[in-house]
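Survey of secondary and tertiary structure
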Amino acid sequence: MSIQLINPPTLPQPEVYAQVAVAEGSKLVFISGQVARDAGGAPVGTGDLAAQVEQAYSNVNAAVTAAGGTFADIAKLTVYVVDWEPAKMQYLAEGAMRAAQREGFDIVRPITLLGVSALGEPDMLVEVEAVAVLA
């Protein structure tokens, strides 16, 4: 595997993400922000944060697979959530876990969560971008 996940003992020990990813490989893959759109561009999960997260994670997985990798090759995720508040965390986790269980990948990666006032279109509640390293 080209990505080694580390949680140094001098940092908090989260269960749902890793603090550090050590990447070894020769090919960087930058995946643009994925949103709740199906392959035809139609909205998925309008008004449902968990459903939108599930679709966005599935789209990230499809993108890294198309580049010749797997979700395990993702070194870093950035998640943008409209009108973030801590109560939304359960929906983020639910959607990510549903995608991971359906498609067979581990969601644990270094991740940054950012609250934003809006995304590219009014129905979008979440956007997920990624960086992967392929051997």
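- Its UniProt record, at the heading Sequence similarities (unreviewed entry), says of the protein: "Belongs to the RutC family."

**A closer look at the packing of helix α1 (residues 49-66) against helix α2 (residues 89-103)**
- At a minimum axis separation of 7 Å, α1 and α2 run at an interaxial angle of 45 degrees. Compared by their axis directions, α1 and α2 come out oblique. The element α1 and its partner α2 pack so that their crossing is right-handed. Every residue of α2 that contacts α1 at Leu49, Ala50, Ala51, Val53, Glu54, Tyr57, Ser58 and Asn61 is listed here: Tyr91, Leu92, Glu94, Gly95, Ala96, Arg98, Ala99, Arg102 and Glu103.
- Each residue belonging to the contact of α1 with α2 can be placed in one class, and the counts come to nine nonpolar, three polar and five charged.

What counts as what
- Residues numbered from 1 in each chain as written.
- Predicted model: local features only at pLDDT ≥ 70, side-chain atom pairs only at ≥ 80, totals over all residues.
- Heavy atoms only, no water.
- UniProt positions renumbered as here; feature names shortened; annotations may be inferred.
- Axes fitted to C-alpha atoms, helices over the stretch in contact; angles between N-to-C directions.
- Helix = DSSP H or I, 4+ residues; strand = E, 2+ residues; numbered from the N terminus.
- Parallel < 35°, antiparallel > 145°, perpendicular 65-115°, else oblique.
- Left-handed = near helix turned anticlockwise from the far one by under 90°.
- Contact = heavy atoms within 4.5 Å.
- Nonpolar A, V, L, I, M, F, W, Y, C, P; charged D, E, K, R; others polar.

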